[in-house]
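Secondary and tertiary structure notes
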Amino acid sequence: MQIAGLVKNSFVDYPGLIAAVVFVPGCNMDCWYCHNRALWKAESLLDMAEVMRFLEKRRAFLDGVVISGGEPTLQAGLVQFIRGVKAMGYRVKLDTNGLKPDAVAGLLPDIDYIAMDLKAPPGEIHRVVSFGLDDAPVWQCADLLISGEVDYEFRTTFMPTLDVADIEAIAQRVKGARRYVIQQYRKPDSRTLSPEPHGKETIKNAAEAAAKYVRDVAVRGI
Ligand code: SF4
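All values derive from a computational prediction rather than experimental measurement.

Relative placement of two packed helices is described by the angle separating their axes and the distance separating the axes. Here helix α6 (residues 164-173) crosses helix α7 (residues 200-210) at 25 degrees, and the two axes come no closer than 8 Å. As the angle between them shows, α6 and α7 are arranged roughly parallel. Here the hand of the crossing between α6 and α7 comes out right-handed. Contact residues: α6 offers V164, I167, E168 and A171, while α7 offers T202, N205, A206, A209 and A210. Taken together, the residues that form the contact of α6 with α7 break down as six nonpolar, two polar and one charged.

Moving on, we come to the nonpolar core. V22, V65, I167, V174, Y180 and A210 are the most contacted members of the largest nonpolar core, which has 61 residues in total. Setting aside its immediate chain neighbours within four residues, I167 contacts T156, F158, L162, I182, A206, A209 and A210.

Take the site of the ligand next. Around the ligand, the neighbouring residues are C27, M29, D30, C31, C34, N36, G69, G70, E71 and N97. Here the shell around the ligand is built from residues that sort into four nonpolar, four polar and two charged.

Sheets are built from strands that pair by backbone hydrogen bonding, the pairs being arranged parallel or antiparallel. Pairing is mixed across the open sheet formed by eight strands, whose spatial order is β1-β2-β3-β4-β5-β6-β7-β8. Among the strands making up the open sheet, the edge pair consists of β1 (5-14) and β8 (216-220). Neighbour-to-neighbour, the strand axes of this sheet turn through a mean angle of 25 degrees, independent of strand direction.

Basis of the calculations
In this convention, every chain numbers its residues from 1, walking through the sequence in written order. Local features in a predicted model are, by the rule used here, given only for residues with pLDDT of at least 70; side-chain atom pairs are given and counted only at 80 or more, and totals for whole chains, interfaces and linings are based on all residues. Angles run from 0 to 180 degrees between N-to-C directions of axes, and those axes are lines fitted to C-alpha atoms, restricted for helices to the stretch in contact. Put simply, DSSP marks the helices as runs of H or I at least four residues long and the strands as runs of E at least two long, and each gets a number from the N terminus on. Note on angle classes: values under 35 degrees are labelled roughly parallel, values over 145 roughly antiparallel, values of 65 to 115 roughly perpendicular, and the remainder oblique. We call a crossing left-handed when the near helix sits turned anticlockwise from the far one by less than a right angle, and right-handed when that turn is clockwise. C-beta atoms are first placed from the backbone for all residues, and any pair lying within 7 Å is then listed as a contact. Three classes are used, and their members are as follows: Ala, Val, Leu, Ile, Met, Phe, Trp, Tyr, Cys and Pro are nonpolar, Asp, Glu, Lys and Arg are charged, and the others, Gly among them, are polar. What makes a nonpolar core is a set of buried Ala, Val, Leu, Ile, Met, Phe, Trp, Tyr and Cys residues, with links drawn between C-beta atoms within 7 Å. We call a residue exposed when 12 or fewer other C-beta atoms sit within 10 Å of its C-beta, buried when the count reaches 20 or more, and partly exposed for counts in between; the C-beta positions come from the backbone. Near, as applied to residues and a molecule or strand, means the residue's backbone-placed C-beta atom lies within 6 Å of it. The pairing criterion is simple: DSSP has to find at least two bridges between the two strands.

And the structure:
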C-alpha cells in the first residue's frame, strides 16, 4: 500500500478517538471541491516501514488509525496494512467514496468504523464529479453498510450547488441509516471563483429535512 501523507494526531477524524490519519494517493472520482488533489498523483511517498515504526511507538497515545485519501479501496495491500495496525491494538476507520462496494465488503471484517461519502442524490453525481459516472455502486455500498454490523456514518459535503431538497433526497435514499453528517463546504484554494458556502440557516434547514429519515444527523464545519 502507498502512503502519501500522515497526520500524526487528530481529534476530529475518528469520532471519539485520538487518531493518526494516513492519506493514500489516487482517486476514482474528481469532485469539484476536492481539497486533496495534490494526493492524486503523489510524487513522493512516505516510507511504509517508517510509518509502521511511528504507529508502533505511539500506541500508548493514540487510539485509532484513519485511512483516508484519495480513495483507499484502490490500494493493493490495504487489508494487510489494516491487519498490521490492528495487531498493534489500534481501531481502524476507513474513509471511502463508496464506488467499490465489493472492496468495502471484503474489508468489513477488519474495519471498526466507515465514513462513506454520499456526494449527491441518486443519479445526480455528475453535479459534483467532473466526469460521467454511474453512481449505482455507491448506493449498493450504502445498502451494504445499512444492513451490516460495522459502525458507520454517511456524509455529504453541502456544496452550494446542492440545496435542501437534495440533502433530503439523499437522506431519504438511506432512510433508517445510523448516522448522517452534513459537512460545510470549503472553497478549494485553487478555485477562487467558486460560489460561497451555504449560510447557517440553510444548513440547519437541511439537517432538519434529513432528520425525517435518519435518527442521528450531525453538522460539521460551521
Ligand atoms: S472522492 Fe475525495 S479524494 Fe476523491 S476527488 Fe472526491 S473529494 Fe477528492
